[in-house]
Amino acid sequence: MSSLTLYPSNWLYNAGVIGLLRVLERTGVDPASLFYPYSGAEVQIPLSMLLSRDVDVERDGEKFKIPLLAREWLLESWERLTEKKESAESEKIKEVWGKLFNTLYRGFFNANTTYLFKQSKKSESLILQFGQFVRSLGQASGNGDTCSFCFRNSGFSYKNIFTSEHSKQLGASAGGKGVPNSFWNLNPEQSLRICDFCSFVLLNHHLALTRLSDDSEIFINAPSFQVMWYLNKFARETFGSASSKEMRSKRNILAMSVIEYATKIQTTLGVWTGMNIEVVSKRGGEIEFFSLPYEVVQLLADRRIASLLSQIGEFSILNLVLAQDFSRLIELGYRLLRIGLKPYGEWGKSERDFVKQTLRLDKNKQHPAQVADQLFQLSALIEEKRKRRETYERSRIF
């Protein structure tokens, strides 16, 4: 098959697709060119082009030929999962191999790096086995099996029941001594069938997660791959390296990512998309979900409102919008205006304390009247947006 069209599904699969897009970006493919026009919900993966490109990985003077996609997946995983101590390509692959298949996807491939570049008595080297697995992803199946994830008659040749080898937290026990009756004892006719390509998609989900300073990992999920790509990109760039002092709530992270999307991407969030954006948070063995009310998402996705919030840059103001405490914005604006109209030397202690507690940025502390003007503009835009929405809803009723 020359290409595959993928559709948004559950958050784990969606994270796998976004992680795969990061790998494709390493191969020289622009992810933005793969999203379907107009909706952006679907994404088309150019399989034939990717799997036809082989590269050599050198180790001790020997060359191991594997698909470019396989190499870039391993190197992107090395950058994501290790402390980046190695410099040689083969050493990077060796360093990350155990973390991938002994920790994250335990059992999917043999994690013993002794045989990574060396054949055993019974089989060839693991790196070549992995290359063959990736190379076979474009092959269709002729046995009539249907994948429970993509619903296609795809190739089924390796690890084709969804287990903990695909997801440590969500998959069924893969061992014979595992949890009794887990996914009906892994009966192929009753368990979740997963094709080779979707297996590889799930092996990419760790690349879509953004690690925060509290050691949790987050993924922003939505009904559109295009929206997911940009929201997670903004979250990673803004919060991926934040210190513990700069740590924000999952609600703040989602809000800031939506604001970045609204101000930088020349598309709007549709109604369905805005109602179904959530943050998936993983910490240890726990998975939690955070979301924003649809009304708030629509406000943040308005370019003018998003631009003002971005210019102000104060989390105290953002939190008032998230709490939908819009009357407080006006009160805050009037108080800052009264203070800002006075020369700084005439400010009383309570006024200085109020400005210090309310505003974090120096540029705002020095010009509270300017912040007040921005708050009045923000309030007016929010009120205009709300009235338009109320008018639209009444027109639909009558």
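A brief look at the structure comes next.

The helix and strand inventory of the protein chain stands at 17 helices and 8 strands. Considering only contacts in the protein chain between residues 6 or more positions apart, those separated by 24 or more positions represent 66%. By element, 48% of the accessible surface of the protein chain is carried by carbon and sulfur atoms, the whole surface being about 19,600 Å².

Let us now look at the sheet that holds strand S7 (residues 278-283). Spatial ordering of the open sheet is given by S5-S6-S7-S8, a layout of 4 strands whose pairing is antiparallel. Each edge of the sheet is formed by a strand with only one pairing partner; in this case those strands are strand S5 (210-211) and strand S8 (286-291). One ladder, built from 5 bridges, connects strand S6 (residues 217-221) with S7; its direction is antiparallel. Opposite Ile 218, over in S7, you have Ser 281 as the bridge partner.

In this section: the packing of helix H13 (residues 315-322) against helix H14 (residues 326-340). With their axes 8 Å apart at the nearest point, H13 and H14 run at an angle of 145° to one another. Counting all contacts with H13, which are made through Ile 317, Leu 320 and Val 321, the residues of H14 involved are Phe 326, Arg 328, Leu 329 and Leu 332. Taken together, the residues that form the contact of H13 with H14 break down as 6 nonpolar, no polar and 1 charged.

Right, let's talk about the packing of helix H1 (residues 11-26) against helix H8 (residues 225-239) for a bit. Angle between the axes and distance between the axes are the two parameters that describe a pair of packed helices. At their nearest, the axes of H1 and H8 sit 10 Å apart, and the two run at 70° to each other. Here H1 lies roughly perpendicular to H8, going by the angle between them. Of the residues in H8, those in contact with Asn 14, Val 17, Ile 18, Leu 21, Arg 22 and Glu 25 of H1 are Phe 225, Met 228, Trp 229 and Arg 236.

In the structure shown here, the tally under the stated rule is 23 salt bridges. With a closest N to O distance of 3.8 Å, Asp 302 and Arg 304 form a salt bridge. Put simply, Asp 353 and Lys 349 hold a salt bridge, and the shortest N to O gap is 2.8 Å. Within this pair, Asp 353 and its partner Lys 349 are both found in helix H15 (residues 349-358), separated by 4 residues, close to a single helical turn.

Bringing the environment of Glu 42 into the picture now. Positionally, Glu 42 belongs in the loop between H1 and strand S2 (43-45). With sequence-adjacent residues up to four places away left out, Glu 42 is seen in contact with Thr 5, Leu 6, Tyr 7, Leu 34, Phe 35, Tyr 36 and Phe 225.

Before going further, it helps to spend a moment on the nonpolar core. Ranked by internal contacts, the top residues of the largest apolar core, which has 120 residues, are Tyr 13, Trp 73, Phe 130, Phe 197, Leu 300 and Leu 378. Ranked by residues supplied to this core, first place goes to H1 with 10 residues. In contact with Tyr 13, not counting residues within four places along its chain, are Leu 6, Tyr 7, Phe 149, Cys 150, Phe 197, Cys 198, Val 201 and Leu 202.

Rules of the game
- Residues numbered from 1 in each chain as written.
- Predicted model: local features only at pLDDT ≥ 70, side-chain atom pairs only at ≥ 80, totals over all residues.
- Heavy atoms only, no water.
- Helix = DSSP H or I, 4+ residues; strand = E, 2+ residues; numbered from the N terminus.
- Contact = heavy atoms within 4.5 Å.
- Areas by Shrake-Rupley, 256 points an atom, 1.4 Å probe, with all protein chains shown as cover.
- Pairing = 2+ DSSP bridges.
- Axes fitted to C-alpha atoms, helices over the stretch in contact; angles between N-to-C directions.
- Nonpolar A, V, L, I, M, F, W, Y, C, P; charged D, E, K, R; others polar.
- Parallel < 35°, antiparallel > 145°, perpendicular 65-115°, else oblique.
- Salt bridge = Lys/Arg side-chain N within 4 Å of Asp/Glu carboxyl O.
- Core = buried A, V, L, I, M, F, W, Y, C linked by side-chain atoms within 4.5 Å.
- Buried < 20%, exposed > 50% of the residue type's maximum accessible area, 1.4 Å probe, protein only.

So, to be careful, I would describe these as geometric facts and stop short of saying anything about function.
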